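Close look at the chain arrangement
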Amino acid sequence: KKDSELRAGDKYRLGKETDEKVDFQAAFLQTLAKYVPNIYSAEMDPLLEKQEEMAQIKIFDPLEWYLFREDPDVCLEKLRQCGASQLCGKVFKGGETTYSCRDCAIDPTCVLCMDCFQNSIHKNHRYKMHTSTGGGFCDCGDTEAWKTGPLCTNHEPGAANYFHFLFAHLIKYWLLPIREKTDHYYCVLFNDEHHSYDHVIYSLQRALGCELGEAQLHTTAIDKEGRRAVKEGPYVSCQETKEEIKRHSENVSQRPLHVEVLHADVMAHQKFALRLGSWLNKLMSYSSDFRQIFCQICLKEEADSEKPCLISMLMLWDAKLHKGARKILHELIFSSFFMEMEYKKLFAIEFVKYYKPLQKEYISDDHDRSISVTALSVQMFTVPTLARHLIEEQNVITVITETLLEVLPEYLDNNDKFNFQGYSQDKLGRVYAVICDLKYILITKPTVWTDRLRVRFLEGFRSFLRILTCMQGMEEIQRQIGQHIEVDPDWEAAIAIQMQLKNILLMFQEWCACDEDLLLEAYKECHAAVMRCSTSSQSREKTVLQLCGHTLESKRYRVSVDPVSIHLPLSRTLAGLHVRLSKTGAISRLQEFVPSEQFQVELLMEYPLRCLVLVAQVAAEMWRRNGLSLISQVFYYHDVKCREEMYDKDIIMLQIGASFMDPNLFLLLILQRYELVNAFKKIVPTKDQDLTKQYNILIEEMLQVLIYVVGERYMPGVSSVTKEEITMREIIHLLCIEPMAHSAIAKSLPENENNETGLEKVINKVAVFKKPGVSGHGVYELKDECMKEFNMFFYHYTKTQHSKAEHTQKKRRKQENRDEALPPPPPPEFSPAFSNVVKVLNCDIMMYILRTILQRAVQLETHLWTEAMIQMVLHLLCLGLLEEKQQLEKAPEEEVTFDFYHKASTLNALNILMLLEKLKSVPQLEAQKDMINWILQMFDTVKRLREKSSLVATAATTSGSETTKGDESTQDKEKAERKRKAEAARLHRQKIMAQMSALQRNFIETHKLLYENTQETQGREDSVMEEESIPLAIDSSKIALGPKRGPSITEKEVLTCILCQEEQEVRLESAAMVLSACVQKSTALTQHRGKTLELSGGRYLSSAKNISCSCSLLRTHFSDVLQPVLCHSEMPMHLRTLRQKRATGVRQPWCYHPQPFRS
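Sequence order as written defines the numbering, with residues in each chain counted from 1. Only residues with pLDDT of at least 70 get local features here, since the model is predicted, and only at 80 or more are side-chain atom pairs given and counted; chain-wide, interface and lining totals rely on the full set of residues. The side-chain figures draw on all heavy atoms in the structure; neither hydrogens nor water molecules are used.

1. Here's the deal with helix α3 (residues 48-68)
- At Q56, α3 shows its strongest bend, of approximately 45°.
- Residue exposure (1.4 Å probe, protein chains only): buried if accessible area is under 20% of the type maximum, exposed if over 50%, otherwise partly exposed. Strands here are runs of E lasting at least two residues and helices are runs of H or I lasting at least four, both read from the DSSP assignment and numbered beginning at the N terminus. Along α3, the residues classified as buried are Q51, A55, I59, F60, D61, L63, E64, W65, Y66, L67 and F68.
- Phi turns positive, to about 60°, at R69, one or two residues after α3. What is called the bend at a residue is the angle between a pair of axes, fitted to the seven residues leading up to and ending at it and to the seven starting from it.

Structure follows, in structure tokens:
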């Protein structure tokens, strides 16, 4: 104890004497020059514990005594007790567990370390666990990161104690050059993200001639620390090793390893600089004064100098530092600047000032983002007050968007559109980091708008529109005709950027919607950008289309011939702003900013319409020769990850067009772009089956889009619905397919900017949870009262989901003894801005389309209709009738101008109502009969409302419609089923007979030599038939088979003919039923082996084995099928057809054939 006190006194006196007599900087540098090279001399095989002990004794102990003027341990303990920080600031390591509270976090980037989480109120909330990639830090104590509970019990506020010391000399040491005095060098290999472990091990073994174990040791150290000395010696020797390593690494990779030759003193001082950084980092955690003084020194700029401040210089050098040095620098920034809010803001200002060069360095760098200084952006941009300050004072949105434009010019084509063919996946992945920064800065909407904030945001929005302009119409494709495309183009990069921008586009729209004037200004800017893109690529040639007395004049364009693009973010952003104008009511002022003569809605909807037509033509297999890349793009166009800002916005843009355009002209434009004018003007020749199939699919796709335009209203602004109602509707339609697990539902719902789906808020309102049994998992089942919300043509269904949901719902209704009609639920009312969309339902062109399709189905003379097409027409009729019914119930009859019933029932000699009556008798549409009956009853209901029937009678009609339908359906079903089967049998028989006749003729021609005894066989067949026709005497001998067989118990038996599918009861007076069987020699059932079968009598079946396929068919069909064979047969076999008798109840048709009978 006495010795330690003496040493402590010596250190204090040494520090005091140094302070009084010697300049500190000179003494400090002399000490380092004396001890550092000796302490860290053994770089090839370092003794780490000894190095640490020597550094502590020779350098850090005197330094701490000089600073504290007493025992450092005592002083630091005092600081710890009285100056604990409210901010945790723990820096996460890669793989460390972090926690985010889903109830209290401002955004998903706000996280806690394990200690703070366990000692906070958030452990009792809903939370998520994450695995850190490294580089972030704990947000405990940050009041702007949490709605409630910002502090854990470990970081509650305490008293402050202040010490003032200067760190300037310590920091300047990092920037001093080192003089090289001796010829002592190291060959140093640095870490990168391009070479694998095996590549590095291979290169080291070849270059150094070392064993595998030594090469593995070097490689592990390089990956962990960022660099490693692999050779020690004179400069020339190290230089030769460097060249050898590069040469060997180029043999296994496209680029060589990063190798440098460094002087031994430089290596030693660099290693000590890292140790000094760790020491400062530890010191920062004890006192706020330490942190403030350190920050002041780092932010101080030299007078009359253009050099940046110290912290900016360190940030700009970040990309040049190795992995270990970067980690130390980032930890020091965390423990100092980020622990003091005032200096965190000043650091953020410096960060934004040098944002562009920092991001460019990172993009050209070869290290992960987690060890780049650019990863610190999330710690600043997600703080709401700091983000507002950076937008107002530093114009950070413009800085970020301009950075994007500056790092992507190599991907611009001659039309200033992005084209990512032959892109670098690594480089583009680094560009996504810049896009993420834009998301971070917009993640929290402002509650108060100042004039300066509004101006700066608009500047950033205009800059962002420049990016969207470069994306509008990028990577256009043209339909390949004749020859298949040779190489699939790259499509992943463009879709990936769309996915990255999805939430950013939504956030920009939400920011604009916070302020009415800002929203109108942003809409004006976006509209102008869309018009510039649209007019620049428009054809001057015009085409005129006339139909039903209406004329449309438009630019000549065909999707199947001209270039088209699926990427339209500019148009879709305008659609998003438009619905927000409608939602806020600001659309009433739209003409102040965009005059009606400049609006040109036809141009606005042109590109989204082309995209929808492209999707329809892909479904019709018109683009098969364009390869899989287009199919993949169409998949993501509908996928939950992209559809909010792609597919959904295209539907909204068509709704905007329908709300502004004349409905007849709107539909004419739809027909023209879908290239279906001729399909509705005249009958297309049916000889070309591929063309007919294409037309049918295109018509189906067009009808589907029309259903979505007039029926899909669950969007805030399109109608008065909330986000919770939209989520509930999505869940309802998912559960209408089948019960689902929680995870499956969550994956099928879109996420917002906070990675939330809103599932937990509404799931219990629409579904009940069924616990798992012995095996499996728990699932949610839809509540019965929510079944009525099912819409068969829900626009987020895929074709598979649509079919499965329809089958499930019809099966459910059948089990409940109800009809199988699936009408749509009454849709919510359009908002005033979209109220004109319903006029599309009852316009002349719509009536013409519906009537034409129904006529084709009734006439059965053309192939230009399908059952799916009829199903969609019936759905549109339902929507029209429901719309008219809702309007009549809300307003007097004379005020309702929507006259769907009138146009559907009276406008034509063969109107829609009459066609529906005829449609009931079409056998191919038997499955749609219940739906047709529902529509006819709805026509009657609307008619009663038009005639001002009493409300009681109307209610009784409506409530009793289900029972009436059920009774009528039950009475008609049996007759209709028989009629349908008969018609189906006739068509099926004709087709099968033709095919089998051709096969038989071909078989006979091929096997002529097998037929030699046809007449003899036919004679035996006739005699057998005559014997069969004689009534058999009932014998009590109970012979099972043969002419003297005994009686059997008679049971009613109904068989189905495999050829015509007609059911037939087995009776004596009924038509004969035939079974096919192969008979061959066998001794399984005989006691007289080798003897000949005697058919005149006997008790056993002689050596024969009956192998039957159990297929039954009518005797008439059997004769027709085999008559060609029997007429030309010369086979040495027997073909016998025996009538089944009610008296025996035994099937006895045998088909003797060398092979099983093929029906």
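This is not the end of the story, as more comes after the structure.
2. A closer look at the environment of V448
- Mapped onto the secondary structure, V448 falls in the loop between α19 (425-441) and α20 (451-471).
- Since its relative accessible area comes to 59%, V448 is described here as exposed.
- Counting along the chain gives 66 residues from V448 to C514, while the straight-line C-alpha distance between them is 9.0 Å.

3. Quick look at the environment of P750
- Take P750: it is sitting in the loop between α33 (742-747) and α34 (759-766).
- Spatially, the C-alpha atoms of P750 and E730 are 9.8 Å apart, while their sequence positions differ by 20 residues.
- Throughout, a residue-residue contact means that at least one pair of heavy atoms, one from each residue, lies within 4.5 Å. Not counting residues within four places of it along the chain, the set of residues in contact with P750 comprises K502, V640, R643, E644, E756 and T757.

4. Here's the deal with the packing of helix α14 (residues 341-353) against helix α17 (residues 384-394)
- Note on method: axes are straight lines fitted to C-alpha atoms, helices fitted across the in-contact stretch only, with angles between N-to-C directions ranging 0 to 180 degrees. Two elements in contact, α14 and α17, have axes separated by 11 Å at closest approach and are oriented at 45°. Taken together, the axis directions place α14 and α17 in an arrangement best described as oblique. Handedness of the α14/α17 crossing: right-handed. Each of K344, K345, A348, I349 and V352 in α14 lies in contact with α17, whose residues at this interface are L386, H389, L390 and Q394. In these notes the angle categories are as follows: under 35 degrees is roughly parallel, over 145 is roughly antiparallel, 65 to 115 is roughly perpendicular, and the rest is oblique. Helix crossings fall into two classes, left-handed where the near helix is turned counterclockwise from the far one by less than a right angle and right-handed where it is turned clockwise.

5. A closer look at the sheet that holds strand β4 (residues 227-233)
- In spatial order, the strands read β4-β3-β5; together these three strands make up an open sheet with antiparallel pairing. The sheet terminates laterally at β4 and β5 (259-263), the two strands that pair on one side only. Across the sheet, the mean angle from the axis of one strand to that of its neighbour is 30°, orientation sign disregarded.
- The pairing of strand β3 (residues 185-190) with β5 spans five bridges and is antiparallel. Residue pairing across strands places V188 opposite E260, the latter belonging to β5.
- Most of the contacts of helix α10 (residues 264-284) go to β5, to which it runs at about 95°, and overall it touches β3, β4 and β5. In short, DSSP must find at least two bridges between two strands for them to pair.

6. Quick word on the packing of aromatic side chains
- Only Phe, Tyr and Trp rings are paired, with Trp represented by its six-membered ring, and only when their centres lie within 6.5 Å; those with planes under 30 degrees apart are stacked, over 60 edge-to-face, the remainder tilted. This structure, assessed with the given rule, holds 33 aromatic pairs.
- Look at W491 and Y636: their rings are 5.8 Å apart centre to centre, the planes differ by 40°, and that puts the pair in the tilted class. Here W491 is found in the loop between α20 and α21 (492-513), whereas its partner Y636 is found in helix α27 (residues 628-638), with 145 residues between them in sequence.
- Linked through ring pairs, W449, F457, F461, F464, F508 and W511 together constitute an aromatic cluster.
- Whether a charge lies above a ring is judged from NZ of Lys or CZ of Arg, which has to be within 6 Å of the ring centre and within 35 degrees of the ring normal. In this structure, R610 packs its charged tip against the face of Y607, placed 4.7 Å from the ring centre.
- Over the ring of F680 we find R856; its NZ or CZ atom is 5.7 Å from the centre of that ring.

7. A look at the environment of I39
- Mapped onto the elements, I39 comes out in helix α2 (residues 24-39).
- The buried category is assigned to I39, whose relative accessible area is 9%.
- Setting aside anything within four residues of it in sequence, one finds I39 in contact with Q51, M54, A55 and I59.

The quantities given are spatial measurements derived from coordinates; they are silent on function.
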